[in-house]
Amino acid sequence: MHGGFAPVGILALLCVHTAALVSSKMPKTEEPVIVVGGGLAGLSAAVEALRAGAKVILVEREKDVGGNSAKASSGINGCGTEAQHAAGIKDSTDKFYSDTMSAGDRENDGALVDLLVHESADAVQFLIDLGVDLSDINICGGHSVPRTHWIPSPKEGRPTPVGIAIIRALKAKILKETEERPEFMKVLYNTEVLGLVTWNEYITGVRIKRDDGTLDEVRGKAVILTTGGFSADRHNVSSLLAEFAPEKMKFPTTNGPFARGDGVKMARAMGAQVIGMEHVQVHPTAFLDPKDPSAGTKFLAAEALRGKGALLVSSKGVRFANELGRRDYLSAKIQAEGTELPENKEWKFVYMLMTDEMADSFGRPAFNFYANIKGFFTKFENANTLAEHIGCDSSALRETFDSYNGFVKDAKNSEKRVRDSFDKTIFPAEISVDASIYAAKITPALHYTMGGLKIDKSAVVFNEFSQKPFNGLLAAGEVTGGVHGRNRLAGNSLLECVIFGRIAGKVSSRLNFPLDKLEL
């Protein structure tokens, strides 16, 4: 009889041992949320997770946070904000939704866009509450009304680009948390994430490589990927650009070398679904540096410059497009009408022209950064000296200015909407043939990847194989796809980072363990 009970006893011991082993690997409620990437989406996620009471470990491959978010220059969109009300701007979520869907050729995920526009005012206020002055508003290409919030330019002194100001504010918040509550907030700099760690169907951590080369594993109850896009991912066998948009490889980029698509790759290896990967945005206006015109990485010519009236003309001295049209439209026009760059015949350039009035409206210190510090703009006495520099007939340039000025005057004096032959309806300022003119060479450059990991409204990543969302894997920012469709509006990238970063932080913080039932 005794011998007959031995197998049962052994089985019971094995079950207890197995349950203990599984429990040791199972996520725990008190474990941290792991945020991979320290751009705006990652910092926003960290702030919200902390506010919800979660512990956070932020892993950043570079020596500092910021990423491409720090390079943003046009601003963040908001609809129904205090700044819009103060400026008398009549906007609505319906208009904002329509503009975003139209720009994306309606290939956007409508549910995500609906969330984007309805949460936009709160996102702007989130940054204002952290100390960012977003009281100035500009209009950018593809928008029906001004809604792109940015920092007012100082009358003197060096301006602070909006992306840098936003990152500084969030970084200050995070650093304060690391100092005051180190048990709740940790930041790992110079740390590469090699892949994701799982337990059953749960994502429970990341494998990392520290700066000294040592390997380690960081455990948590959820992972939020905020690693950005892949516009600089071109020089390796796993290049996402080469796989999904090989025709775009010829363009330079405005992205830093960190835009390699790491988050997409590691999640995709686990079965994550990707969408819209072929939709890679070429920004129409990147500066050609006279000191190094063939450089593969370009400095972005902020869309706000065109919002303040900057004109684009070809080497013939004529306009060829709506300066405030969609980015894909304008990039294609420049490729068709531009002049080949001698150093790289696949790159086409045109001229961006501005007056003193436009420069003052944009913000003289900010404009002087482009013109005097970076040396992108050259000042000419009048249209004749500019024409001589361009190599075009001065009469053609004068005719271009006269024609455009006519629309500016008509727009001021008419109650009806004035429209030129390029469908332009907003004419901010005249450009005189006899006054000083600033000119810069600009060229299209890779700027943003609209495609990425598929997420739902809770910022949870979708598993292609199981046909359901992952447990414990979230994503926000440019690493995701669906919000922008085929083409992104200026100001929607920072907005997307804040909104879905905050959602990811809130959702991940609410994950509670242990599970109600263990299936051994």
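Residues numbered from 1 in each chain as written. Predicted model: local features only at pLDDT ≥ 70, side-chain atom pairs only at ≥ 80, totals over all residues. Heavy atoms only, no water.

**Section: the overall build of the protein chain**
To keep things clear, this is the line we draw: Numbering of helices and strands starts at the N terminus; helices are DSSP runs of H or I of at least 4 residues and strands are runs of E of at least 2. To get the radius of gyration, use the C-alpha atoms; to get the globule rule, take the number of residues to the power 0.38 and multiply by 2.2 Å. Partly exposed describes any residue whose relative accessible area lies between the buried limit of under 20% and the exposed limit of over 50%, with all areas from a 1.4 Å probe on protein chains only and scaled to the type maximum. When checking whether two residues touch, look at their non-hydrogen atoms; a contact exists if any pair is within 4.5 Å. To be clear on the numbers: accessible area is Shrake-Rupley with a 1.4 Å probe, and residue cover counts the displayed protein chains and nothing else. Only four residue types enter the charge count, namely Lys and Arg as positive and Asp and Glu as negative; His and the chain termini do not. One atom stands in for each charge, and that atom is NZ of Lys, CZ of Arg, CG of Asp or CD of Glu.
The helix and strand tally for the protein chain stands at 16 helices and 22 strands. Taken over the C-alpha trace, the protein chain has a radius of gyration of 26 Å; the compact-globule value for 520 residues is 24 Å, and the two agree within 12%. Across its three principal axes, the protein chain shows a C-alpha extent of roughly 110 × 50 × 40 Å. Counting across all 520 residues of the protein chain, residues that qualify as buried make up 55%. The long-range fraction of contacts in the protein chain, counting pairs at least 24 apart against all pairs at least 6 apart in sequence, stands at 73%. Accessible surface, the protein chain as shown: approximately 22,100 Å² in total, 51% of it carbon and sulfur. In the protein chain, 61 side chains carry a positive charge and 64 a negative one; their mean positions are 2 Å apart.

**Quick word on the sheet that holds strand β22 (residues 480-481)**
This is how the line gets drawn: Here, a strand pair is defined by DSSP locating no fewer than two bridges between the strands.
Pairing in this open sheet of 3 strands is mixed, and the strands run β11-β19-β22 from one edge to the other. With partners counted over all chains shown, the strands left at the sheet margins are β11 (274-275) and β22, one partner each. Of the strand pairs in this sheet, strand β19 (residues 452-454) and β22 are connected by 2 bridges, and their pairing is parallel. Within the sheet, the bridge partner assigned to leucine 453 lies in β22 and is threonine 480.

**A few points about the pairing of strand β10 (residues 222-225)**
Neither face of β10 is open: one carries Ala222 and Ile224, the other Val223 and Leu225, and all of them are buried. In terms of strand pairing, strand β1 (residues 33-36) meets β10 through 4 bridges, oriented parallel. Each bridged residue has a counterpart across the sheet, and for valine 33 the counterpart in β10 is alanine 222. Pairing of β10 with strand β21 (residues 468-475), which is carried by 3 bridges, proceeds in the parallel orientation.

**Regarding the sheet that holds strand β5 (residues 148-150)**
Pairing in this open sheet of 3 strands is antiparallel, and the strands run β3-β5-β4 from one edge to the other. Strands with a single pairing partner mark the edges of an open sheet, and in this sheet they are β3 (76-77) and β4 (136-138).

**Comments concerning the packing of aromatic side chains**
The relative placement of two aromatic rings is captured by the distance of their centres and the angle of their planes. Counted only if it meets this: Pairing of aromatic rings covers Phe, Tyr and Trp, the last through its six-membered ring, and needs centres within 6.5 Å; plane angles under 30 degrees mean stacked, over 60 mean edge-to-face, and all others mean tilted. The criterion is that NZ of a Lys, or CZ of an Arg, lies within 6 Å of the ring centre and within 35 degrees of the ring normal, and then a charge sits over that ring.
A full pass over the atoms with the stated rule returns 15 aromatic pairs. Ring geometry for phenylalanine 287 against tyrosine 370: centres 5.1 Å apart, planes inclined by 50 degrees, an arrangement best described as tilted. Of the two residues, phenylalanine 287 sits in strand β12 (residues 280-287) while tyrosine 370 sits in helix α13 (residues 364-373), which places them 83 residues apart along the sequence. Measuring from ring centre to ring centre gives 5.7 Å for phenylalanine 299 and phenylalanine 376, while their planes differ by 45 degrees; the resulting arrangement is tilted. Of this pair, phenylalanine 299 sits in strand β13 (residues 299-300) while phenylalanine 376 sits in the loop between α13 and β17 (378-380), placing them 77 residues apart in sequence. Linked through ring pairs, Trp150, Phe287, Phe299, Phe362, Phe367, Phe369, Tyr370, Phe376, Phe377 and Tyr438 together constitute an aromatic cluster. Against the face of phenylalanine 349 rests lysine 441, its NZ or CZ located 4.5 Å from the ring centre. The side chain of arginine 488 reaches across the aromatic face of tyrosine 448, ending 4.2 Å from its centre.

**Let's talk about the pairing of β21**
Pairing between strand β20 (residues 460-463) and β21: 3 bridges, direction antiparallel. By the bridge assignment, asparagine 463 is partnered in β21 with lysine 468. In sequence, β20 turns back onto β21 through a hairpin of 4 residues, with glutamine 467 there showing a positive phi of about 60 degrees.

**A short note on the environment of leucine 50**
Within the element layout of this structure, leucine 50 appears in helix α2 (residues 40-51). Separated by 316 residues in the primary sequence, leucine 50 and alanine 366 place their C-alpha atoms 35 Å from one another. Apart from the residues within four sequence positions on either side, leucine 50 is in contact with Val56, Ile174, Glu177, Arg181, Phe184 and Met185.

**Points about α13**
In an α-helix, one turn spans 3.6 residues, which is why side chains three or four residues apart end up on the same side. Residues Pro365, Ala366, Phe367, Phe369, Tyr370 and Ala371 constitute the buried set of α13. Where the residues of α13 are buried, they touch β12, β13, α10 (303-307), β16 (344-354), α12 (356-362) and β18 (437-449). Looking at the residues trailing α13, positive phi occurs at glycine 375, about 75 degrees.

**Some words on the UniProt feature "domain: FAD-dependent oxidoreductase 2 FAD-binding" (unreviewed entry) in the protein chain**
Quick reminder of the rule: UniProt positions are given in the numbering used here, feature names are shortened, and annotations may be inferred rather than shown by experiment.
Mapped onto this numbering, the UniProt entry gives "domain: FAD-dependent oxidoreductase 2 FAD-binding" (unreviewed entry) at residues 33-494. Within the segment residues 33-494, helix and strand shares are 31% and 23% respectively, and the terminal C-alpha atoms sit 22 Å apart.

**Things to note about the nonpolar core**
Under the convention used in this document: What makes a nonpolar core is a set of buried Ala, Val, Leu, Ile, Met, Phe, Trp, Tyr and Cys residues whose side-chain atoms join them at distances within 4.5 Å.
The biggest cluster of nonpolar side chains holds 142 residues, and the ones touching the most others in it are Leu225, Phe377 and Phe500. In terms of residue count, helix α16 (residues 492-509) provides more of this core than any other element does, 9 residues in total. Beyond its immediate stretch of four places on either side in the chain, phenylalanine 500 contacts Leu112, Leu115, Leu116, Ile455, Ala459, Ala476 and Val483.

**Here we look at the pattern of salt bridges**
This is how it is decided: Salt bridges are counted wherever a side-chain nitrogen of Lys or Arg sits within 4 Å of a carboxyl oxygen of Asp or Glu.
Across all of its chains, the model carries 29 salt bridges by this definition. Ionic pairing is found between lysine 173 and glutamate 177, a salt bridge with its closest N-O pair at 3.8 Å. Of the two residues, lysine 173 and glutamate 177 both sit in helix α7 (residues 162-180), 4 residues apart, roughly one turn of that helix.

**Points about the packing of helix α6 (residues 120-129) against α16**
Applicable threshold: Working convention: axes come from line fits to C-alpha atoms, limited for helices to the stretch in contact. Angles between N-to-C directions cover 0 to 180 degrees. Throughout, the term roughly parallel applies to angles under 35 degrees, roughly antiparallel to angles over 145, roughly perpendicular to angles from 65 to 115, and oblique to all others. Put simply, Ala, Val, Leu, Ile, Met, Phe, Trp, Tyr, Cys and Pro go in the nonpolar bin, Asp, Glu, Lys and Arg in the charged bin, and everything else, Gly too, in the polar bin.
For the pair α6 and α16, interaxial distance at closest approach is 9 Å and the crossing angle is 90 degrees. Classified by the angle their axes make, α6 and α16 are roughly perpendicular. Counted together, Ser120, Asp122, Ala123, Phe126 and Leu127 of α6 and Leu495, Val498, Ile499 and Arg502 of α16 form the full contact between these two elements. For the contact of α6 with α16, the per-class residue count stands at 6 nonpolar, 1 polar and 2 charged.

**A short note on the packing of helix α14 (residues 383-390) against helix α15 (residues 394-413)**
So the rule is basically this: We call a crossing left-handed when the near helix sits turned anticlockwise from the far one by less than a right angle, and right-handed when that turn is clockwise.
Viewed as axis vectors pointing N to C, α14 and α15 meet at an angle of 125 degrees, and their least axial separation amounts to 9 Å. Looking at the two axes, α14 sits oblique to α15. In this structure, the crossing between α14 and α15 has a hand that is right-handed. Residue-level contacts link Ala383, Asn384, Leu386 and Ala387 of α14 to Ser394, Leu397, Arg398 and Phe401 of α15. Of the residues belonging to the contact of α14 with α15, the class tally is 5 nonpolar, 2 polar and 1 charged.

**Observations regarding unusual backbone geometry**
The backbone of aspartate 105 shows a phi angle near 55 degrees, a positive value even though the residue is not glycine. Structurally, aspartate 105 is set in the loop between α4 (93-103) and α5 (110-118). The exposure class assigned to aspartate 105 is partly exposed, which follows from its relative accessible area of 37%.

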